[in-house]
Amino acid sequence: MSPFSSPDTDRKTQLRAEMLNAHPLTRGLAENDIYTLAKMCRIQEMPARTTFIHEGSHPESVYLIVKGGVRIFSIAVDGKEITLAFLGPQAVLGEIAYLDESVRSASAETIRETEMLVLRGQDFHNAIQQYPVAMMNLLAILAKRIRNTNQQIQDVVSTSLTDRTHKTLSILEKYFPNGEICFSHDDLALILGATRPRVTEVLHHLRDLGKLVLGRNNISISASFS
């Protein structure tokens, strides 16, 4: 039986409380505090390839990923997209703009169907002030994300396109458990910041090695990929 079940708890609030309870942001919070936060949240489901945060825009909400995955990216001065990170379940995004009271520092799009808990910015701000343990949890989440972002940038600068493609597909595979990544060559080229012909060349090389199978708009990972 759920700890949030009671005659006075409506089913929707109970569901949000259960989602929050499984998220690292609320680790160590009392059940009553989680239930209070659950009343402030709403559940939002988004289809794949939906951009829901735009770089430079003014913040409105903070998102807690429950299912699916998100790509964080920025636009360089030459107009190219730079992928900064991939975020999956238990991640938080959109919070930086509230911490430093600024506009969005990057954009975010779903890479597959994604379910999130959404909190209004002011409610999020009040929550981390009211619950110090939530602030400590947030700092731990941010530290991990910064390390991953630094590694992503380092990979772009110092590794070959073949290595970057291999690593990116390894990351994306986690978000497509059936091993079939629903991305076209153009999609992957955009993520890697490379031309489509060069990415296609690398993919054909990996295919010839038996690492993957190429479809029109998907890439199937073979058991020998790792």
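Source: prediction; values computed, not measured.

Digging into helix α1 (residues 11-21)
Turning to α1, its buried residues are Thr13, Gln14, Arg16, Ala17, Met19 and Leu20. Its side-chain oxygen placed 3.1 Å from the backbone nitrogen of Lys12, Asp10 serves as the N-cap of α1.

Observations regarding the confidence of the model for the protein chain
Looking at the protein chain, the pLDDT average stands at 87 and 92% of residues meet or exceed 70. Within the protein chain, helix α3 (residues 96-99) has the poorest average pLDDT of any element, 78, and strand β1 (residues 42-46) the best, 96.

Focus on the nonpolar core
Within the largest apolar cluster, 23 residues are counted, with the highest numbers of intra-cluster contacts made by Leu20, Leu64, Phe124 and Leu138. Elements with a minimum of two residues in this core: α1, α2 (31-40), β3 (61-67), β8 (114-120), α4 (121-130) and α5 (132-158). The dominant element in this core, judged by the number of residues it contributes, is α5, at 4 residues. One finds Leu161, Ile181, Leu188 and Ile221 within the second-largest nonpolar core, a separate group that totals 22 residues.

A short note on the packing of aromatic side chains
This model, assessed by the stated rule, comprises 2 aromatic pairs. On the basis of an interplanar angle of 70° and a centroid distance of 4.9 Å, the ring pair of Phe52 and Tyr63 is categorised as edge-to-face. Highlighted residues: Phe52 in strand β2 (residues 51-53) and Tyr63 in strand β3, separated in sequence by 11 residues. No difference in accessibility class separates Phe52 from Tyr63, as the two residues are buried. Their ring planes at 85° and their centres at 6.1 Å tell us that Phe176 and Phe183 sit as a pair that is edge-to-face. As far as the burial class goes, Phe176 and Phe183 line up, both buried. The ring of Phe183 is capped by Arg49, whose NZ or CZ atom sits 4.9 Å from the centre of that ring.

Details of the sheet that holds strand β7 (residues 107-110)
One open sheet holds the 4 strands; their spatial order is β2-β7-β4-β5, and the pairing between them is antiparallel. Two strands lie at the open edges of the sheet, namely β2 and β5 (81-87), each paired on one side alone. Within the sheet, the average angular offset between the axes of one strand and its neighbour, ignoring direction, is 35°. Summarising the sheet, β2 and β7 pair through 2 bridges and their orientation is antiparallel. Looking across to β7, one finds that Thr51 is bridged to Glu109.

Here we look at the pattern of salt bridges
For the coordinates displayed, the defined rule picks out 9 salt bridges. Close ionic contact of Arg112 with Glu113 constitutes a salt bridge, the shortest N to O distance being 3.7 Å. Here Asp186 ties to Arg196 by a salt bridge, and the two come within 3.0 Å at their closest N and O atoms. Placement of the pair is Asp186 in helix α7 (residues 185-192) and Arg196 in helix α8 (residues 196-208), with a sequence separation of 10 residues. When salt bridges with common partners are traced through the structure, they connect Arg49, Arg71, Glu81, Glu109 and Asp187 into a single cluster.

Description of the environment of Gln90
By the element assignment, Gln90 lies in the loop between β5 and β6 (92-93). Judged by relative accessible area, which is 42%, Gln90 ranks as partly exposed. As a C-alpha pair, Gln90 and Pro47 span 43 residues in sequence and 18 Å in three-dimensional space. With residues near it in sequence (within four places) discarded, Gln90 still touches Ala22, His23, Pro24, Ile65 and Ile141.

Concerning the side chain of His23
Among the secondary structure elements, His23 is positioned in the loop between α1 and α2. A polar side-chain atom of His23 sits 3.1 Å from the main-chain carbonyl oxygen of Ala91. If near-sequence neighbours (up to four positions away) are discounted, His23 is found in contact with Leu64, Ile65, Gln90, Ala91, Val92 and Ile141.

Structural notes on the sheet that holds strand β10 (residues 212-214)
Read across the sheet, 3 strands follow the order β9-β11-β10 without closing on themselves; strand pairing throughout is antiparallel. Only two strands of the sheet have a single partner each, and these edge strands are β9 (180-181) and β10. Here β9 runs beside strand β11 (residues 219-221); their pairing, made up of 2 bridges, is antiparallel. Each bridged residue has a counterpart across the sheet, and for Glu180 the counterpart in β11 is Ser220. Most of the contacts of α8 go to β10, to which it runs at about 125°, and overall it touches β10 and β11.

About the thresholds
Residues numbered from 1 in each chain as written. Predicted model: local features only at pLDDT ≥ 70, side-chain atom pairs only at ≥ 80, totals over all residues. Heavy atoms only, no water. Buried < 20%, exposed > 50% of the residue type's maximum accessible area, 1.4 Å probe, protein only. Helix = DSSP H or I, 4+ residues; strand = E, 2+ residues; numbered from the N terminus. Polar contact = N/O pair within 3.5 Å; in protein donor to acceptor, adjacent residues only side chain to side chain. pLDDT = per-residue confidence, 0-100. Core = buried A, V, L, I, M, F, W, Y, C linked by side-chain atoms within 4.5 Å. Phe/Tyr/Trp six-rings, centres within 6.5 Å; stacked < 30°, edge-to-face > 60°. Lys NZ or Arg CZ within 6 Å of the ring centre and 35° of its normal. Pairing = 2+ DSSP bridges. Axes fitted to C-alpha atoms, helices over the stretch in contact; angles between N-to-C directions. Salt bridge = Lys/Arg side-chain N within 4 Å of Asp/Glu carboxyl O. Contact = heavy atoms within 4.5 Å.

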